[in-house]
Amino acid sequence: MRIAIVYTKGSVMHSTSWVKPWTDYCEAKGIEYDHVNLWEENAVDILKNFDAVLWHFGLYNLRAMTFARSILYTAKMMGLKVFPDFNESWHFDDKVAEMYALKAVGAPIPDSSVYYSYSSLEKDVNSGKIAFPIVAKLRTGSGSHNVKLIKTGRDLLSYGRTMLKGEGFKAAPSLIYKASSNIRSSHNWGDFINKFHRIPEFLRTLKGAKQFPREKGYVYLQEFIPNEGYDMKVVVVGNKCSGLIRPVRSHDFRASGSGEVYFDKKYFTPEIIRSAFETTDKLGMQCIGYDYVVNKDTGEGKIIEMSYGFAHAAVMASNGYFDRDCVWHEEPLNAPAEIIKNMAP
């Protein structure tokens, strides 16, 4: 098998990129590969020389978000094995699409709704149909940048006017929000310094995010799930499941984006493990990371978002995985390597 790993040589890789672990695995196993730039005009001709293509494209790259999926689907039409495949990527960085997909297969998700007209939203607010507090999300973005907790009908109607009648909201993360979040979530000087060194990376991300249009024309609402101060990243790759715990930030209801993680097997209940495997199977995905919130009153785990890409090194640090029988194995789950293993003939 000859693998094309999409990477423009000389470009700066994001710290969570899968290019290096894919490259390292191919070299360690003697698998033939090459780094390819599919932005060249002869992308189809390039792909004719390979049996598989791997592309960890990011959500804050307008060009990739616009065209990467079309190129990947073309590669599959040509007979190549691809990652992410259609089932992993069609809903990537679109929380509304994720909700539709998860609801369609009966996955455990919070009560969710989408409004495309102000009159419909106003009717449900005035009738008392909407329970508060409620979470409003933009379709795009990561790290909790585009997530708001709305506590009253008046505030929701104001938000709805901006989204459905006004200019909407910018999808780009806020520099002030990111800086204050990092300061609040830093527990010591070393932690702060590590986050400080990632400022150039964030600024590159911010530059890319500013190219995207404002989000408007819809209101996406998700039931607020009372929790015990954490959420879970639950990763499924083939027959393996692992993940990590993310504490909610101080004076906030959100955990994603703080950079603070740890692992404890006790949080990974058989219910959560089985629901993650079952949802992945129903959606036909090779690799996916779910964000779970556990209701502190009922103990139920609810999927609030999903993404084919995640910080694989943080998951590896959990130093093990569960199989489909919920049995723990003391072997780190290297998701990028696992994808190649599962692709092998």
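Residues numbered from 1 in each chain as written. Predicted model: local features only at pLDDT ≥ 70, side-chain atom pairs only at ≥ 80, totals over all residues. Heavy atoms only, no water.

1. Focus: helix α3 (residues 62-77)
With 16 residues, α3 ought to run about 22 Å at 1.5 Å a step, and its terminal C-alpha atoms sit 24 Å apart, in line with that. All buried positions along α3 are accounted for by Ala64, Met65, Ala68, Arg69, Ile71, Leu72 and Ala75. Elements that come into contact with the buried residues of α3 comprise α2 (43-47), β3 (52-54), β4 (81-83) and α4 (86-89). The backbone nitrogen of arginine 63 lies 3.2 Å from a side-chain oxygen of the residue at the head of α3, namely asparagine 61. A positive phi of about 100 degrees marks glycine 79, the residue just after α3. (Helix = DSSP H or I, 4+ residues; strand = E, 2+ residues; numbered from the N terminus. Expected span 1.5 Å × (residues − 1). Buried < 20%, exposed > 50% of the residue type's maximum accessible area, 1.4 Å probe, protein only. Contact = heavy atoms within 4.5 Å. Polar contact = N/O pair within 3.5 Å; in protein donor to acceptor, adjacent residues only side chain to side chain.)

2. Describing the pattern of salt bridges
A side chain of one charge can pair with a side chain of the opposite charge if their charged atoms are brought near each other. Going through the model one piece at a time under the given rule, you end up with 16 salt bridges. The residue glutamate 338 makes a salt bridge to lysine 240 at a minimum N-O spacing of 3.2 Å. Taken together, the residues glutamate 338 in helix α13 (residues 335-343) and lysine 240 in strand β10 (residues 240-247) connect sequence positions 98 residues apart. An identical accessibility class is assigned to glutamate 338 and lysine 240; each is buried. When salt bridges that share partners are traced, they join Asp231, Lys233, Arg246 and Asp291 into one network. (Salt bridge = Lys/Arg side-chain N within 4 Å of Asp/Glu carboxyl O.)

3. Topic: the nonpolar core
Side chains of nonpolar character tend, in soluble globular proteins, to be buried together. Counting residues in each nonpolar core, the largest one holds 96 residues, and the members touching the most others are Leu38, Val53, Leu121, Met232 and Tyr290. Not counting residues up to four positions away in its chain, the partners in contact with tyrosine 290 are Leu102, Met232, Lys233, Val234, Val236, Ala276, Thr279, Thr280, Met285, Ile303, Glu305 and Met306. (Core = buried A, V, L, I, M, F, W, Y, C linked by side-chain atoms within 4.5 Å.)

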